[in-house]
Amino acid sequence: MAHTTKYVFVVGGVMSGVGKGIAAASIANIISSRGISVTSLKIDPYVNVDAGTMNPTEHGEVFVLDDGTECDQDMGNYERFLNRDLSGANYMTTGSVYLSLINRERNLEFAGKCVEVVPHVPLEVIDRINKAAKKEKASVAIIEIGGTVGEYQNILFLEAVRMLKIKDPSSVVVVLVSYLPQISTDSEPKTKPTQYAVRTLNSAGVQPDIILARAPYPIDKKRKEKIAFNCNLKEEDIISAPDIKHIYEVPLNFEKDHLSDTIIKKLRLKPRRTNNTPWQSMVRKIHAAKQTITIGIVGKYFDSGSFVLADSYISVIEAVKHAATDQGLSVAIEWLNAQEFEEHPNNLNQLKKYAGIIVPGGFGSRGVEGKIAAIGFCRKNNIPFLGLCYGMQLAVIEFARAVCGLQNAHTTEIDKNTPHPVIDIMPEQKELIAEKKYGATMRLGAYPAIIAPNTIAASAYKKQKVSERHRHRFEVNPQYKELLEKHGLRFSGTSPDGILMEITELPTAQHPFFIATQFHPELKSKPLSPHPLFCAFIKASKQTKNNTRGKQQTASR
């Protein structure tokens with residue numbers, strides 16, 4: 001029997017940043033909990049072929065999938081809310097769609113036909129959605145269309161929605177996530193912008209079936225009636241989507257207005273169960289946390305302000321939260337600008353107030369010496385430390401300089417003439433750069449690592465072989481491995497052939513918790529399955545902070 005797919009399209013109205021990604025992920029979560037197989041896709045309306053060449057301050061974090069696809073951060077939300085890994089088939093951009101069409105045309109796959117923007121671009125989009133759904137054997141594909149209704153960039157994707165809707169209206173549900181502004185806390189949420197968003201969507205030939213009413217507070221019956229009347233919907237099709245403290249509450253919040261029932265009814269599906277118990281238990285655990293620990297993240301992507309900063313490190317933030325919840329804790333995250341430590345070294349003393357410090361990934365020279373200084377301060381002062389990707393490379397540089405006595409040791413990414421290139425680029429990467437092939441050419445996606453016994457890594461993972469996601473060009477130079485280990489640094493995780501260093505750490509006899517990874521463990525962390533290294537870091541941070549507090553109390557007596 002031929003595979004048939006139902007579609008739920010999620011679009012945004014009124015303004016950007018309205019929460020389409022979390023809404024789409026939450027819809028996938030609640031439909032899946034009803035025993036219906038689902039998959040989630042993201043369509044980004046930019047001409048970049050993927051997200052890999054964009055600065056994090058431009059578009060937020062670049063999320064990497066197991067197959068090496070560099071994509072939008074919302075793919076991370078989908079994986080976290082579905083508690084499973086997705087593939088590059090679930091992601092597309094305007095650039096990738098056009099590139100595919102052009103390649104097919106060059107290969108004479110259109111048999112001499114005139115290839116046009118309409119209908120061929122929308123048809124390519126539909127084909128990709130169907131292939132992703134078929135690959136995962138999904139009955140329902142939930143597709144988020146990036147951008148805001150009314151923008152020129154996403155009109156062709158809305159045309160794909162229109163074409164599917166004409167073919168079979170009962171197979172398509174369009175969800176509009178629209179913002180209801182409030183001029184003041186005492187004023188009513190204004191519905192007029194949502195009405196205009198619906199009319200704009202109508203002008204593209206698409207009528208929303210459901211409206212998620214985003215507002216600071218839950219909307220009342222009066223507002224639901226007003227939106228429904230003016231937007232040609234029933235009152236039960238208007239779902240309240242208020243601001244909340246924890247994003248993992250959103251699926252449960254939607255179910256207060258019976259969103260899954262509404263979607264299932266419109267798509268004529270037959271649910272097999274209603275069971276979101278593990279998710280509900282996880283949310284209860286978040287609320288039950290009594291103790292809070294503070295974690296500092298030493299970053300560099302501050303150019304566009306703190307709001308974009310959170311997007312730049314979103315997977316790190318969520319991984320910390322997952323681990324804290326697992327340990328029965330609440331976590332407060334504070335941002336520390338690496339450049340401040342370069343310009344004002346005395347500010348390093350403030351690191352002592354944190355339960356633990358994370359140095360995440362990044363590229364380029366800005367803030368590097370500040371990060372190295374922060375790592376050295378953590379090493380010398382027994383502050384729990386977790387380094388991620390660039391954070392591991394800089395930890396090796398700091399150790400080489402301060403402990404091994406390798407003056408001016410560095411990475412050739414920053415100093416091509418360093419006398420001690422403890423971090424260097426892989427030979428195959430040198431060839432790619434020489435040919436100016438930058439896009440999608442790093443070491444990307446999942447690679448295996450072998451974990452050494454009797455190490456922090458082994459204690460955390462509790463297995464000998466793991467698979468983790470990468471995104472980098474530079475590696476620890478194996479020529480310096482023996483010297484670094486002779487002075488006490490241990491490489492507790494390596495590639496199966498032993499050539500590439502995947503994890504480095506200091507023995508617990510020297511430091512309460514000092515570990516760094518060449519890969520990005522945050523990309524594999526999920527609320528129902530927190531990453532073991534983050535769990536170990538949070539556990540050590542809690543223990544170290546409690547020990548410090550106990551010593552201070554004893555001294556004060």
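For every chain, the first residue of its written sequence is number 1, and the numbers climb from 1 along that sequence. In keeping with the model being predicted, local features are shown solely for residues with a pLDDT of at least 70 and side-chain atom pairs are shown and tallied solely at 80 or more, while totals for entire chains, interfaces and linings include all residues. Only hydrogens and water are removed before side-chain values are computed, so all heavy atoms of the structure are retained for them.

Caption draft 1: Broad picture of the overall build of the protein. Secondary structure summary: the protein contains 20 helices and 21 strands in total. When we talk radius of gyration, it's over C-alpha atoms, and the globule rule is simply 2.2 Å times the number of residues to the 0.38. Taking 557 residues into account, the globule formula puts the C-alpha radius of gyration at 24 Å, and the protein, at 25 Å, falls close to it. Expressed along its principal axes, the backbone C-alpha trace of the protein runs to roughly 70 × 70 × 45 Å. Counting every position in the protein, which comprises 557 residues, the buried fraction comes to 56%. Using the Shrake-Rupley algorithm and a 1.4 Å probe, accessible areas are obtained, with residue cover drawn only from the displayed protein chains. As presented, the protein carries roughly 24,200 Å² of accessible surface, and 51% of it is formed by carbon and sulfur atoms. The sign given to each residue is positive for Lys and Arg and negative for Asp and Glu; His and the chain ends receive no count. The atoms used to mark charge sites are NZ of Lys, CZ of Arg, CG of Asp and CD of Glu. Computed over 69 positive and 58 negative side-chain charges, the inter-centroid distance for the protein is 6 Å. A run of H or I in DSSP counts as a helix once it spans at least four residues, and a run of E counts as a strand once it spans at least two, with each numbered from the N terminus. Throughout, exposure labels follow a simple rule: accessible area from a 1.4 Å probe, protein chains only, divided by the maximum for the residue type, with under 20% read as buried, over 50% as exposed, and the rest as partly exposed.

Caption draft 2: Helix α15 (residues 368-380), seen in detail. Its 13 residues give α15 an end-to-end C-alpha distance of 18 Å, which sits within 8% of 18 Å, the value for a rise of 1.5 Å per residue. The set of residues buried in α15 consists of Val368, Gly370, Lys371, Ile372, Ala374, Ile375, Gly376, Phe377, Cys378 and Arg379. One or two residues past the end of α15 sits asparagine 382, with phi positive at roughly 55 degrees. Every helix has an expected span of 1.5 Å times one less than the residues it contains.

Caption draft 3: Summary view of the packing of α15 against helix α16 (residues 390-402). All axes here are fitted lines through C-alpha atoms, helices being fitted over the stretch that makes contact, and every angle between N-to-C directions spans 0 to 180 degrees. Two elements in contact, α15 and α16, have axes separated by 9 Å at closest approach and are oriented at 70 degrees. Put simply, α15 runs roughly perpendicular to α16. In terms of crossing hand, the pair formed by α15 and α16 is right-handed. Of the residues in α16, those in contact with Val368, Glu369, Lys371, Ile372, Ile375, Gly376, Arg379 and Lys380 of α15 are Tyr390, Gly391, Leu394, Ala395, Ile397, Glu398, Phe399, Arg401 and Ala402. When the residues that make up the contact of α15 with α16 are grouped by side-chain class, the tally is nine nonpolar, two polar and six charged. What sets the label is the angle itself: under 35 degrees gives roughly parallel, over 145 gives roughly antiparallel, 65 to 115 gives roughly perpendicular, and the rest give oblique. By definition, any crossing whose near helix is turned counterclockwise from its far helix by less than a right angle is left-handed, and any crossing with a clockwise turn is right-handed. Should any heavy atoms of two residues lie within 4.5 Å, those residues are counted as being in contact. Amino acids outside the nonpolar list (Ala, Val, Leu, Ile, Met, Phe, Trp, Tyr, Cys, Pro) and the charged list (Asp, Glu, Lys, Arg) are all regarded as polar, and Gly is one of them.

Caption draft 4: Representation of the environment of valine 403 in the model. Inspection of the secondary structure puts valine 403 in the loop between α16 and β14 (410-411). C-alpha of valine 403 to C-alpha of alanine 213: the two residues are 190 residues apart in sequence and 57 Å apart in space. In contact with valine 403, not counting residues within four places along its chain, are Arg379, Glu398 and His487.

Caption draft 5: Structural context of the side chain of glutamate 398. Position of glutamate 398 among the secondary structure elements: in helix α16. Once you skip the residues sitting within four places of it in the chain, glutamate 398 turns out to touch Ile372, Ile375, Gly376, Arg379, Lys380 and Val403.

Caption draft 6: Quick look at helix α4 (residues 94-106). In this model α4 runs 18 Å from its N-terminal to its C-terminal C-alpha over 13 residues, within 8% of the 18 Å that 1.5 Å per residue would give. Among the residues of α4, those classed as buried are Thr94, Gly95, Ser96, Val97, Ser100 and Leu101. Residue leucine 108 follows α4 closely and has a positive phi angle near 65 degrees.

Caption draft 7: Representation of unusual backbone geometry. The linkage connecting valine 118 with the following residue, proline 119, adopts the cis geometry, with an omega of 15 degrees. Looking at where proline 119 falls in the secondary structure, it is placed in helix α5 (residues 117-135). Backbone geometry at leucine 108 places phi at a positive 65 degrees, although glycine is not the residue there. Inspection of the secondary structure assignment puts leucine 108 in the loop between α4 and α5. A relative accessible area of 68% places leucine 108 in the exposed class. Backbone geometry places cysteine 389, a non-glycine residue, at a positive phi of 60 degrees. For cysteine 389, the position within the fold is in the loop between β13 (385-388) and α16. Among the residues examined, cysteine 389 registers a relative accessible area of 5% and is labelled buried.

Caption draft 8: Representation of a positive patch on the surface in the model. Candidates for patches are residues over 30% relative accessible area with no salt bridge; among them, like charges are joined within 9 Å and nonpolar side chains (Val, Leu, Ile, Met, Phe, Trp, Tyr) within 5 Å. For salt bridges, the criterion is a side-chain nitrogen of Lys or Arg within 4 Å of an Asp or Glu carboxyl oxygen. Taken together, the side chains of Lys192, Arg199, Lys222 and Lys226 make up a positively charged region of the molecular surface. Put simply, the parts of the chain that give the positive patch at least two residues each are α7 (192-203) and α8 (221-230). Mapped onto the elements, arginine 199 comes out in helix α7.

Caption draft 9: The sheet that holds strand β21 (residues 514-517), seen in detail. In this scheme, strands are said to pair when DSSP sees at least two bridges between them. The sheet built from nine strands is open, its strands ordered β11-β10-β12-β13-β21-β20-β19-β16-β17 with mixed pairing. The open sheet is flanked by β11 (329-337) and β17 (465-472), the only strands paired with a single partner. Geometrically, the sheet is characterised by an average inter-axis angle of 30 degrees between neighbouring strands, direction not taken into account. Direction of pairing for strand β12 (residues 356-359) relative to β13: parallel, over a ladder of three bridges. When the sheet's bridge partners are listed, isoleucine 358 is paired in β13 with leucine 386. Against the sheet, α16 engages β12, β13, β19 (490-494), β20 (501-505) and β21, with an angle of about 115 degrees to β13.

Caption draft 10: Structural view of the packing of aromatic side chains. Think of it this way: a Phe, Tyr or Trp ring, Trp meaning its six-membered ring, pairs with another when their centres are within 6.5 Å, and the plane angle makes it stacked under 30 degrees, edge-to-face over 60, tilted otherwise. A complete count under the given rule lists seven aromatic pairs for this structure. Here tyrosine 7 and phenylalanine 9 contribute two aromatic rings whose centre-to-centre distance is 6.2 Å and whose plane-to-plane angle is 20 degrees, an arrangement assigned as stacked. In this structure, tyrosine 7 and phenylalanine 9 share a single accessibility class: buried. With 5.7 Å between their ring centres and 80 degrees between their planes, tyrosine 248 and tryptophan 279 make a pair best called edge-to-face. Of this pair, tyrosine 248 sits in the loop between β9 (238-242) and α9 (250-256) while tryptophan 279 sits in helix α11 (residues 277-288), and the two are 31 residues apart along the sequence. Here tyrosine 248 and tryptophan 279 have matching classes, each one buried. Joined through ring pairs, the aromatic side chains of Phe81, Tyr248 and Trp279 make up one cluster. A ring is scored as having a charge over it whenever the NZ atom of a lysine or the CZ atom of an arginine sits within 6 Å of its centre and within 35 degrees of its normal. Taking NZ or CZ as reference, arginine 443 lies 4.9 Å from the ring centre of tyrosine 447, over its face.

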